[in-house]
Amino acid sequence: TQKQNERKAFFDHITNIVDPLNKPDQHYVLAGDFNTTLQNIDRQTQSKQKYKCKSQTALQTLIDKLNAEDIYRTLHPNKKQYTHYHKQANTETRTRIDRIYTSISLRHYITAAELSPTTLTDHYSAASITISTETSRKGRGTWILNNSLLQDQTYRDIITKLLRSESQKISQ
C-alpha cells in the first residue's frame, strides 16, 4: 500500500543518514510510533493473514545497522502489552507500535522500560525508559580473586603495604 511504501522510504532515508555516522563508540536512542511491528508477540489480531511488509524489512535493516535492540522487549521478553488498538469491521487489532530502540551498548545503563497509559494521543500507552547515569556497573554474583596473583611477589608486597597502612589509620 502507499502508507507502507512511505514508511519504507522513511526508514530507508533514516538508514542513509545514520549509516555513515555509525561508529562502534556511538550510542543511539531511536523512539517513536513506528506504525509497524517486527515480532508476532507485539501484534494480536483476529485476522488469519500473515504478512511481512517492505516497511518491516526496512526498519529491521535500520535497527541492525545501528546495532540496536528493542529495549522493552529485551527487558520483558514474554510480556504482551499493546500501545495501539484498531477496530475495523469485525476485526480488532492490538499492536505495540510505539517502541524505543537503544544501542546494545547502552543496555547496562537502562534500569526500566515501561508502557504507561496516556490520554494525550490516540494511542493507549506511551513507551518510556529510565537511564541511569551512574558510572559504576554492578554485576551479578560474587567477586573472586584471581589466585595466580598470590604467586606474584610484587603484588603481595603492594597488598601487604596497603594493609599495614590501612591498619595504622584504623588504630590511630
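Residues numbered from 1 in each chain as written. Predicted model: local features only at pLDDT ≥ 70, side-chain atom pairs only at ≥ 80, totals over all residues. Heavy atoms only, no water.

### So, the confidence of the model for the protein
Next up, step 1: Mean pLDDT over the protein works out to 81, with 88% of the residues at or above the 70 mark.
Next up, step 2: Averaged pLDDT values for the elements of the protein fall to 74 in strand 8 (residues 125–131) and rise to 93 in helix 3 (residues 71–75). (pLDDT = per-residue confidence, 0-100. Helix = DSSP H or I, 4+ residues; strand = E, 2+ residues; numbered from the N terminus.)

### Thoughts on the pattern of salt bridges
Next up, step 1: Applying the stated criterion across every chain yields a total of 6 salt bridges.
Next up, step 2: Residue Lys 8 is joined to Asp 12 by a salt bridge in which the shortest nitrogen-to-oxygen separation is 2.5 Å. Pair noted here: Lys 8 and Asp 12 are both in helix 1 (residues 2–18), with a separation of 4 residues, about one helical turn.
Next up, step 3: Residues Asp 70 and Arg 96 are paired through a salt bridge, measuring 2.3 Å at the closest nitrogen-oxygen approach. One end of the pair, Asp 70, is in strand 3 (residues 68–70); the other, Arg 96, is in the loop between strand 5 (91–95) and strand 6 (98–103), with 26 residues separating them in the sequence.
Next up, step 4: Residue class for Asp 70 comes out buried when judged on its relative accessible area of 10%.
Next up, step 5: Owing to a relative accessible area of 0%, Arg 96 belongs among the buried residues under this scheme.
Next up, step 6: Shared partners join several salt bridges into a network, and the residues in it are Asp 42, Asp 70, Arg 73 and Arg 96. (Salt bridge = Lys/Arg side-chain N within 4 Å of Asp/Glu carboxyl O. Buried < 20%, exposed > 50% of the residue type's maximum accessible area, 1.4 Å probe, protein only.)

### Brief notes about the environment of Gln 56
Next up, step 1: With respect to the helices, strands and loops of the structure, Gln 56 is situated in helix 2 (residues 54–65).
Next up, step 2: Remark: the alpha-carbon pair of Gln 56 and Asn 35, spanning 21 residues in sequence, is separated by 9.5 Å.
Next up, step 3: Looking at Gln 56, its side chain comes within polar contact range of the main-chain oxygen of Thr 37, at 2.5 Å. (Polar contact = N/O pair within 3.5 Å; in protein donor to acceptor, adjacent residues only side chain to side chain.)

### Regarding the sheet that holds strand 6
Next up, step 1: Pairing is antiparallel in the open sheet, where 3 strands are placed in the order 1-6-3. Since the sheet does not close on itself, it has two edges, and those belong to strand 1 (29–33) and strand 3, each with one partner. Averaged over neighbouring strand pairs, the angle between their axes works out to 20° when direction is ignored.
Next up, step 2: Lying over the sheet, helix 2 contacts strand 1, strand 3 and strand 6, oriented at roughly 30° with respect to strand 6. (Pairing = 2+ DSSP bridges. Axes fitted to C-alpha atoms, helices over the stretch in contact; angles between N-to-C directions. Contact = heavy atoms within 4.5 Å.)

### Observations regarding the nonpolar core
Next up, step 1: Core analysis: the biggest nonpolar cluster contains 11 residues, these being Phe 11, Val 18, Tyr 28, Phe 34, Ala 58, Leu 59, Leu 62, Ile 63, Leu 66, Ala 68 and Tyr 101.
Next up, step 2: Going through the elements one at a time, helix 1 and helix 2 are the ones with two or more residues in this core.
Next up, step 3: With 4 residues, helix 2 is the single largest residue contributor to this core.
Next up, step 4: Once residues lying within four places of it in the same chain are set aside, the contact partners of Phe 11 are Phe 34, Thr 36, Ser 55, Ala 58 and Leu 59.
Next up, step 5: Formed by 7 residues, the second largest nonpolar core is a distinct cluster that contains Ile 71, Tyr 72, Leu 106 and Ala 113. (Core = buried A, V, L, I, M, F, W, Y, C linked by side-chain atoms within 4.5 Å.)

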